[in-house]
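Summary of the model geometry
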Amino acid sequence: VITLLTDFGARDAFVGIMKGVILSRVGTVQLVDLCHGLAQGDRLGAAFQLRGALPFFPPETVHVVVVDPGVGTTRAILAVRLREQFLIVPDNGIVTPLLDGTEEVRAVDLARFALPSVSRTFHGRDVFAPAAAALAWGTSFADLGPVVEPGRDPALWPAPHAEPGALRGEVLHVDRFGNLISNLPGERVDPGSRVFLGDREIGPLRGSYSEVAPGSPLAILDSFELLEVAVRDGSAAEQLRAARGTPVTCRLPRDRDAGGRPVQNR
Amino acid sequence: VITLLTDFGARDAFVGIMKGVILSRVGTVQLVDLCHGLAQGDRLGAAFQLRGALPFFPPETVHVVVVDPGVGTTRAILAVRLREQFLIVPDNGIVTPLLDGTEEVRAVDLARFALPSVSRTFHGRDVFAPAAAALAWGTSFADLGPVVEPGRDPALWPAPHAEPGALRGEVLHVDRFGNLISNLPGERVDPGSRVFLGDREIGPLRGSYSEVAPGSPLAILDSFELLEVAVRDGSAAEQLRAARGTPVTCRLPRDRDAGGRPVQNR
Amino acid sequence: VITLLTDFGARDAFVGIMKGVILSRVGTVQLVDLCHGLAQGDRLGAAFQLRGALPFFPPETVHVVVVDPGVGTTRAILAVRLREQFLIVPDNGIVTPLLDGTEEVRAVDLARFALPSVSRTFHGRDVFAPAAAALAWGTSFADLGPVVEPGRDPALWPAPHAEPGALRGEVLHVDRFGNLISNLPGERVDPGSRVFLGDREIGPLRGSYSEVAPGSPLAILDSFELLEVAVRDGSAAEQLRAARGTPVTCRLPRDRDAGGRPVQNR
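Presented here is a report on the structure given in the accompanying data block. Along each chain, residue indices are assigned from 1 in the same order as the chain's sequence is written. Written order determines the labels here, with chains lettered from A and ligands numbered from 1. Confidence filtering applies because this is a predicted model: local features only for residues at pLDDT of at least 70, side-chain atom pairs given and counted only at 80 or more, and all residues used for totals across whole chains, interfaces and linings. Processing note: side-chain calculations cover all non-hydrogen atoms of the structure and skip hydrogens and water entirely.

Let's talk about the overall build of chain A
- Helix and strand counts for chain A stand at five helices and 14 strands.
- Overall size of chain A, expressed as C-alpha extent along the three principal axes, is 70 × 35 × 30 Å.
- Considering only residue pairs separated by 6 or more positions, chain A has 64% of its internal contacts joining residues 24 or more positions apart.
- Of the roughly 10,300 Å² that chain A leaves accessible, carbon and sulfur atoms contribute 50%.
- In chain A, the 27 positive side-chain charges and the 31 negative ones have mean positions that sit 4 Å from each other. Going along the chain from the N terminus, every DSSP run of H or I of four or more residues is numbered as a helix, and every run of E of two or more is numbered as a strand. The criterion used for residue contact is that any of the two residues' heavy atoms lie within 4.5 Å. Methods summary: accessible areas were calculated by the Shrake-Rupley approach with a probe of 1.4 Å, and residue burial reflects only the protein chains presented. Charged-residue counts in this description rest on Lys and Arg as positive and Asp and Glu as negative, His and the chain ends being excluded. Throughout, a charge is located at the NZ atom of Lys, the CZ atom of Arg, the CG atom of Asp or the CD atom of Glu.

Quick look at the packing of helix α1 (residues 14–25) of chain C against helix α4 (residues 123–137) of chain C
All names here are of chain C.
- Relative to each other, α1 and α4 sit at 40°, their axes nearing to 9 Å. As α1 packs across α4, the resulting crossing turns out to be right-handed. Across the interface between the two elements, I17, M18, V21, I22 and R25 of α1 pack against G124, R125, A129, P130, A133 and W137 of α4.
- Partitioning the contact of α1 with α4 into residue classes produces eight nonpolar, one polar and two charged. Orientation is described by lines fitted to C-alpha atoms, with helices fitted over the stretch in contact, and by angles between N-to-C directions that extend from 0 to 180 degrees. With the far helix as reference, a near helix turned anticlockwise by less than a right angle produces a left-handed crossing, and one turned clockwise produces a right-handed crossing. In the scheme used here, Gly and all other residues not listed as nonpolar or charged are polar, with Ala, Val, Leu, Ile, Met, Phe, Trp, Tyr, Cys and Pro taken as nonpolar and Asp, Glu, Lys and Arg as charged.

A few points about the relation of the copies chain A and chain B
- Copy-to-copy superposition: least squares on the C-alpha atoms, limited to residues that have pLDDT of at least 70 in both copies. Mapping chain A onto chain B is achieved by rotating through 120° and translating by 0.0 Å along the same axis, at an RMSD of 0.0 Å. Look at the turn and shift together and you get a three-fold axis relating the two.

Concerning the interface of chain C and chain A
- Taken together, the contact pairs 30 residues of chain C with 32 residues of chain A.
- Buried area: the accessible surface (1.4 Å probe) lost by two parts on joining, summed over both. For the pairing of chain C and chain A, the buried interface totals around 2,500 Å² over both sides, and the portion due to carbon and sulfur atoms is 58%.
- For the chain C face of the interface with chain A, the top three residues by lost area are F56, R176 and F177 of chain C, together amounting to 27%.
- We define a salt bridge as a contact between a side-chain nitrogen of Lys or Arg and a carboxyl oxygen of Asp or Glu at a distance within 4 Å. At the surface where chain C touches chain A, the tally comes to zero salt bridges.
- Residues adjacent in sequence count toward polar contacts only when both atoms are side-chain atoms; beyond that, a polar contact is any pair of N or O atoms within 3.5 Å, and within protein one must be able to donate a hydrogen and the other to accept it. Inspection of the region where chain C meets chain A yields 14 residue pairs in polar contact (both at pLDDT 80 or more).
- Taken together, the elements giving at least two residues each to the side of chain C that touches chain A come down to β2 (31–35), α2 (43–53), β8 (166–174) and β12 (217–221) of chain C.
- Top element by residues in the side of chain C that touches chain A is β2 of chain C. It accounts for four residues.
- Classifying every residue of the side of chain C that touches chain A by side-chain character gives 14 nonpolar, eleven polar and five charged.

Section: the interface of chain A and chain B
- At the interface, 30 residues of chain A touch 32 residues of chain B.
- Here chain A packs against chain B, burying approximately 2,500 Å² in sum over the two surfaces, 58% of which is carbon and sulfur.
- In terms of surface lost to chain B, no three residues of chain A exceed F56, R176 and F177 of chain A, which account for 27% of the buried area on that side.
- For the pair chain A and chain B, the number of links is zero salt bridges.
- Taken together, the connections running from chain A to chain B amount to 13 residue pairs in polar contact (both at pLDDT 80 or more).
- Within the residue set of the side of chain A that touches chain B, elements represented by two or more residues are β2 (31–35), α2 (43–53), β8 (166–174) and β12 (217–221) of chain A.
- When residues in the side of chain A that touches chain B are grouped by element, the largest group, four residues, is from β2 of chain A.
- For the side of chain A that touches chain B, the class distribution of residues is 14 nonpolar, eleven polar and five charged.

Some details on the packing of aromatic side chains
- Two rings from Phe, Tyr or Trp (for Trp, the six-membered ring) form a pair when their centres are within 6.5 Å of each other. A pair whose planes differ by under 30 degrees is stacked, one over 60 is edge-to-face, and the rest are tilted. Applying the stated rule across the entire model yields 21 aromatic pairs over all chains.
- A centroid spacing of 6.2 Å and a plane angle of 85° characterise the contact between F177 of chain A and F8 of chain B, whose relative ring orientation is edge-to-face. Highlighted residues: F177 of chain A in the loop between β8 and β9 (180–185) and F8 of chain B in the loop between β1 (2–6) and α1 (14–25), drawn from two different chains. As far as the burial class goes, F177 of chain A and F8 of chain B line up, both buried.
- Through a chain of ring-to-ring contacts, the aromatic side chains of F8, F14 and F122 of chain A together with F177 and F224 of chain C assemble into a single cluster.
- Over the ring of F224 of chain C we find R125 of chain A; its NZ or CZ atom is 5.0 Å from the centre of that ring. Exposure classes here rest on a 1.4 Å probe applied to the protein chains alone. A residue is buried below 20% of its type maximum, exposed above 50%, and partly exposed in between. Charge over a ring is defined by NZ of Lys or CZ of Arg lying within 6 Å of the ring centre and within 35 degrees of the ring normal.

Quick notes on the sheet that holds strand β6 (residues 104–107) of chain B
Residues and elements named next belong to chain B.
- In spatial order, the strands read β2-β1-β3-β5-β4-β6; together these six strands make up an open sheet with mixed pairing. Every interior strand has two partners, whereas the edge strands, β2 (31–35) and β6, have only one. Geometrically, the sheet is characterised by an average inter-axis angle of 20° between neighbouring strands, direction not taken into account.
- As defined by bridge partners, β1 adjoins β2 across four bridges and the pair is classed as parallel. In the strand pairing of β2, L4 is matched with D33. By this definition, two strands are paired if DSSP reports at least two bridges between them.

Regarding helix α1 (residues 14–25) of chain A
- Helix span is expected to be 1.5 Å times the residue number reduced by one. Counted at 1.5 Å a residue, the expected span for α1 of chain A with its twelve residues is 16 Å, and the 17 Å between its end C-alpha atoms agrees.
- Among the twelve residues that make up α1 of chain A, ten are buried, leaving the element largely enclosed by the rest of the structure.
- If you check which residues of α1 of chain A are buried, you get F14, V15, G16, I17, M18, K19, G20, V21, I22 and L23 of chain A.
- Buried positions along α1 of chain A lie against β1 (2–6), β2, β3 (62–66) and α4 (123–137) of chain A together with β2 and α2 of chain C.

Some remarks on the sheet that holds strand β4 (residues 77–82) of chain A
Residue and element names in this part refer to chain A.
- In space, the six strands of this open sheet follow the order β2-β1-β3-β5-β4-β6, with mixed pairing throughout. Each end of this open sheet is capped by a strand with a single partner; those strands are β2 and β6 (104–107). The mean inter-strand angle of the sheet, taken between neighbouring strand axes irrespective of direction, is 20°.
- Pairing between β4 and β6: four bridges, direction antiparallel. The residue of β6 that forms the bridge with A79 is R106.

A short note on the pattern of salt bridges
- For the structure shown, the criterion picks out 36 salt bridges over all chains.
- Linking R106 of chain B and E104 of chain B is a salt bridge whose minimum nitrogen-to-oxygen distance equals 2.9 Å.
- The class of E104 of chain B is partly exposed, set by a relative accessible area of 23%.
- Ionic pairing is found between E104 of chain C and R81 of chain C, a salt bridge with its closest N-O pair at 2.8 Å. Note that E104 of chain C is positioned in strand β6 (residues 104–107) and R81 of chain C in strand β4 (residues 77–82), a separation of 23 residues in sequence.
- Each of R81, E104 and R106 of chain A takes part in salt bridges that share partners, so that together they form one network.

Right, here's the structure in full:
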C-alpha cells in the first residue's frame, strides 16, 4: 500500500502523475489517496491527517506526504520508519508530532532514487514518488540514505496547558462538517468537565451528536480521541465563528464561583 | 470491488482511512470512489447516485454508503443484498428508493464485525469498512447479522403525479454542469410532450444538447432515463434559477387552449 | 493502467460509474484519476494535463479523456496510439497539441465497442469506458476501428511568437497554487531574459521559489519545462490579477533603451 497526502487539490494532474511514476516502477500496488485538500503549505494539517490515519493502515504501508513550500531548496527529503510503516516527507517539521523516539529517520539519497532529471518545483514527482516506489519494490529501508536528525518544529502542534481547575487548548482542525477538533486528548479531559469555546460555554461532554437538538452546539470526543466542538446537523465553524487557533478550555466542576456559575476567564 | 459513497468531501482523510481499514483486512481489492461530494447528510443525493451506479457494477460488488447524520445513536447499520450486489448502509431510509421486493436485508452484527473500539462519530471507519471487508473477504451474507425490516422513507424520492394532460414532478438533483435531473422517468414521458420548468416553457424533448443553440435551454432524457432540463454549454441551475424541488411538468400536445398556446398552470 | 481525465468534478458518481463499466469487463486493472477538476468543456485544460502526464506513465497505459461538449452528436470518438500509449478521446481538437506525426488514429467502432444501449448524454460510460476496457483486455489497437484523420484545432494551444529581442506568449493554465503556466517552452527562453506579465516586469529567471521573499513574484521554469510566473507562498493569479490568456513576454537583456530600462511594449 502506498498512500498520498498533498496540498495539490483537484485542479491539476499532479497526484495522477505521481501515481504514473510509481506505476512505471512497481507493477502492482494499492494506491490510496489520503487527502489532497490541505490548504497550500498547511504543515499542521498534514501532521493532523497523518496522526489520524497511521493506526488504520497495515504494516509496510508507505505514506507519501507532499506539503513542501521549500521545494527546490536544499531541504532534505526524509524517509521515516515509524510503527512498522514508512513516511516519505519533506524535512520541514511536519513529522515532529508523530515522533515518539522509536523511529528511524534517513535522508533520501537523491543520486540513487530521484528521476534522472529533477525539476525545481515538483519533487513529489521527481523524488518522493520514486523513493516510495523503491520501498514498495523491495529496497531495504537502510539503503534509502544516511541516518539523519530530522528538523523539529515543536510549535507546529501546540501542547495543551494544564492549570488548576482547567485544561486549556485550541482548535487544530476544522473538518468538512465544520466540526472543531482541538488539541485536547480524551485521556486528559475529566469526564465531568464543562467545555468552553473562547468564552462561550458549550456544555458537558456528550456521547453522541443526537444528545442535543438539531442546530445546538455540543462537545464530544472525536473519533481520533481529541475533544471536538460540533453543532448537530450544522457547522460549528460557521455558527460559532471559530477557526484554527480558537481557544478551547475544559473546566472542572469544582472550578465554580459562589453562585455555582462557571468561573469565566476574563 | 468495493465502492465508497459518502458526504465526507475532500478536506479530510476520512475516506482514505476507511480504505486503510479495508486493506488491513483484505489484501487485494478494487476500491472505487463513487462520490464524496454529497452535501452533508444528503440522503436523497446518496439514493440518487446509487440508483445510477448499480446497473454498471459487476456482481458481488459491495457499495459502502456513509451518509449518516445519526452516527452514534442506536440506528442499525444494514447489509442489503440487491440484484447480485451488496450495500452497507445506515438504516435511515436511503435504501427506500432502491428496494423492489427481491432484496434481503440484515442488520450488521456489531459484536462480530465492528472494530474492537467503536467511536461515537466515525462508524464509516469502525463498522461500515470492516463489514464491507468481511463480505469481500468471503464472509457469507447470511452470517453478517439477523434479517431485519429496513426503515422506509417513502417521501425521500417523491413519485411523479399524473393528471389529465400532464405529468408533474420536480428536480431531484443538480449535477456538476448545472443540469436539472427530475423524478420523471423516460418511460412515462410522452415523446410529444412539451416540458415546463416551473411556469417557464422549455420546449419539446430533444435528442442531443446540440439541437439547440449554445446558451439555450432544452429538455432531454438523461443517461439514467430521467427527464433532464439543461442549458447547452451552460448551467441550467444558474440561468433558470432552479434547484432541487423546482417543479417540472410534461404537458401533452392535446392539452392546449383555443389559441394553440399551451395551457399555463397558474 | 487506465487513467481518467474529465470535467466531471466531484459532485456526481460519473467517474465511479465509468470505473464500474471498466471493472465489469476487465477483472484487474490499475485505475488512476488524472484530474476531474477541469472547467466544463475545457479542451485546452485537457490537452495541457495530458501533455504533462504522458511522459510519466508506463507503456500500454490507456488514457480516457472525457471533455466532450459535443456528446450526442455524430463527432467520432478516437483511439490514438502515441509514444507506446493510448488515448480514447473525442474528436474535438483536444489531441491536436499532442500529435507529432508518429501517431496512429482510429475511430472507435461503436457497433462493436459501445454498450448495447447508448445514451445521448454520457458517452464516457457508454463508449469511452468500454473501448478503454477492450484495449486493456487485449483487443488489438487495429481492431478498434478504421484509420481516420483527426479533426485539428491549431488555435487550441497558441504558439509562442518570436520577434527581435522578445519572445511573446500567454498564460495557458492557472494551477491550484495560482501559478501561471505559459506557452513558452524552456528551450526557447534565453536564460538571460527578463520576464514580463502583461506590462509588469517580473524579473529574471529564478532557480527556485525560495530565491525571492515570501509574497514576491518570480519567473521560473516549471516542472513541465514551461515558463511559469509565480508568487512565493502566494497566488500569482490573485496577486497579479492574471488568468488564462494574459500575455507573458521574455525580453533579452540587449533589448534595452538608452537609459538601461527595459523597452516596454505600449
